[in-house]
Amino acid sequence: MGAAESTPLSEEQKALEERYAVIKAAVATQEQNYQAFLAEQGKGWGKMMEEKAASLGLKVDLATGHISYADDFPEKKLKLNFDLMYCRHGKTTGNTEPRVYQGFVDEPKNALNDVGKGQAQAAADKLDALGLSPDLVILSPLSRASDTGRAFLDRHPELSDKIESWFDSAEMKFGGWDNVRVCDLDESSIGHLFYLNQNTVVKSFEPYVNPETGEKVDGENFVECLVRMREVLEKINARFDADAEKRPLVLMYGHSMAGAALSINVGIGKTVDGSSHLGFDGKYIMPNATPVFLHREGEGDADSGSSFFDSCTVQ
């Protein structure tokens, strides 16, 4: 039997692929604009980014925006008093092509679509099969994550007093890029370096403006998201006794970039193929609605997250 013929691309899909090719071909211009961006922010701002990363045991190369583990990461890594399981939200219209920069936003396009709702139920099935009983369940306040969590939690009313919504656990804030279609962002924009080159420093200094309420949300870069997620881990740590007889289990429902930032913080960041810096988007993105242990006592850091990274695919 001959090989099956591939489904021909629609005109819309062809146009989208052509647009992405144009964006990718403009990387040199994007890099030039990134250098201008750094110059505009000034050496003091760049030094602040380096210091923020260094406080976590990470080092950022400002010239490229790449981040990697520093030699002192083992000393600076937070020793967790709890086991941590994480589940990214199910699929949404926003991360279905043509995808958007889907960060700290909660518009209708960011809600779970039918595929995402099915994924949320499948994730709940996986958790039920494990027979886990979390001591704390943290929901991102953004509906795509909290609704994914509710698929499991609605089956378990006994967990109702253990559920909390944490504002600071929400997704990375893309500011003026939030909910903009990637294909619609000018091909020369440094925003494309975020996913094309794993650049942790680029950010939009324009705020996201909620079209319904007018509320503004300032942007952050991935370095700042890393710091925020470290603070989330510290906040959870403070809730539990390090010498507790029973090891607490925390279940978090969140997002791709927030999840990547947590993963790097606990020591299971994934190195970009053939390089020494860490990846967090593109092929290194967290799969939709897939519960994974980011940290579990009794397992090495690499083992505790290996199944997650082996399953990472572009979503």
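As the structure is a computational prediction, the values presented were derived from the model and not from experiment.

A. Examining the packing of helix H8 (residues 222-237) against helix H9 (residues 256-265) more closely. Running from N to C, H8 and H9 cross one another at 70°; their axes reach a closest spacing of 8 Å. One element, H8, and the other, H9, form an angle in the roughly perpendicular class. For H8 against H9, the interelement crossing comes out right-handed. Here H8 contributes Phe222, Cys225, Leu226, Met229, Arg230 and Leu233 to the contact with H9, which in turn contributes Met257, Ala258, Ala260, Ala261, Leu262, Ile264 and Asn265. Classifying every residue of the contact of H8 with H9 by side-chain character gives 11 nonpolar, one polar and one charged.

B. Focus on the nonpolar core. Phe222, Ile236, Val250, Met252 and Leu294 are the most contacted members of the largest nonpolar core, which has 62 residues in total. A per-element tally of this core places H8 first, with nine residues. Beyond its immediate sequence surroundings of up to four residues, Val250 is in contact with Phe82, Asp83, Leu84, Met85, Leu136, Ile138, Ile236 and Phe240.

C. Here's a closer look at the confidence of the model for the protein. Of the residues in the protein, 93% reach a pLDDT of 70 or more, and the chain-wide mean stands at 93. Contacts of residues 300-315 to residues separated by more than four positions or lying in other chains number 42 contacts, the stretch itself having pLDDT below 50.

D. Representation of the packing of aromatic side chains in the model. Counted under the stated rule, the structure contains 13 aromatic pairs. Ring geometry for Phe37 versus Phe205: centroids 6.0 Å apart, planes at 35°, classification tilted. Of the two residues, Phe37 sits in helix H2 (residues 27-41) while Phe205 sits in the loop between helix H7 (193-196) and strand S6 (208-209), which places them 168 residues apart along the sequence. Here the aromatic rings of Phe194 and Phe280 are separated by 5.0 Å at their centres, their planes lie at 55°, and the arrangement is tilted. Separated by 86 residues along the polypeptide, Phe194 in helix H7 and Phe280 in the loop between strand S10 (278-279) and strand S11 (292-295) bring together distant segments of the chain. Here Phe194 falls in the buried class, since its relative accessible area comes to 2%. Taken together, the ring pairs in this structure connect Tyr101, Phe174, Trp177, Phe194, Tyr195, Phe222 and Phe280 into an aromatic cluster. Between the NZ or CZ atom of Lys173 and the centre of the ring of Phe104, over which it lies, the distance is 5.4 Å.

Cut-off values and rules
- Residues numbered from 1 in each chain as written.
- Predicted model: local features only at pLDDT ≥ 70, side-chain atom pairs only at ≥ 80, totals over all residues.
- Heavy atoms only, no water.
- Axes fitted to C-alpha atoms, helices over the stretch in contact; angles between N-to-C directions.
- Helix = DSSP H or I, 4+ residues; strand = E, 2+ residues; numbered from the N terminus.
- Parallel < 35°, antiparallel > 145°, perpendicular 65-115°, else oblique.
- Left-handed = near helix turned anticlockwise from the far one by under 90°.
- Contact = heavy atoms within 4.5 Å.
- Nonpolar A, V, L, I, M, F, W, Y, C, P; charged D, E, K, R; others polar.
- Core = buried A, V, L, I, M, F, W, Y, C linked by side-chain atoms within 4.5 Å.
- Buried < 20%, exposed > 50% of the residue type's maximum accessible area, 1.4 Å probe, protein only.
- pLDDT = per-residue confidence, 0-100.
- Phe/Tyr/Trp six-rings, centres within 6.5 Å; stacked < 30°, edge-to-face > 60°.
- Lys NZ or Arg CZ within 6 Å of the ring centre and 35° of its normal.

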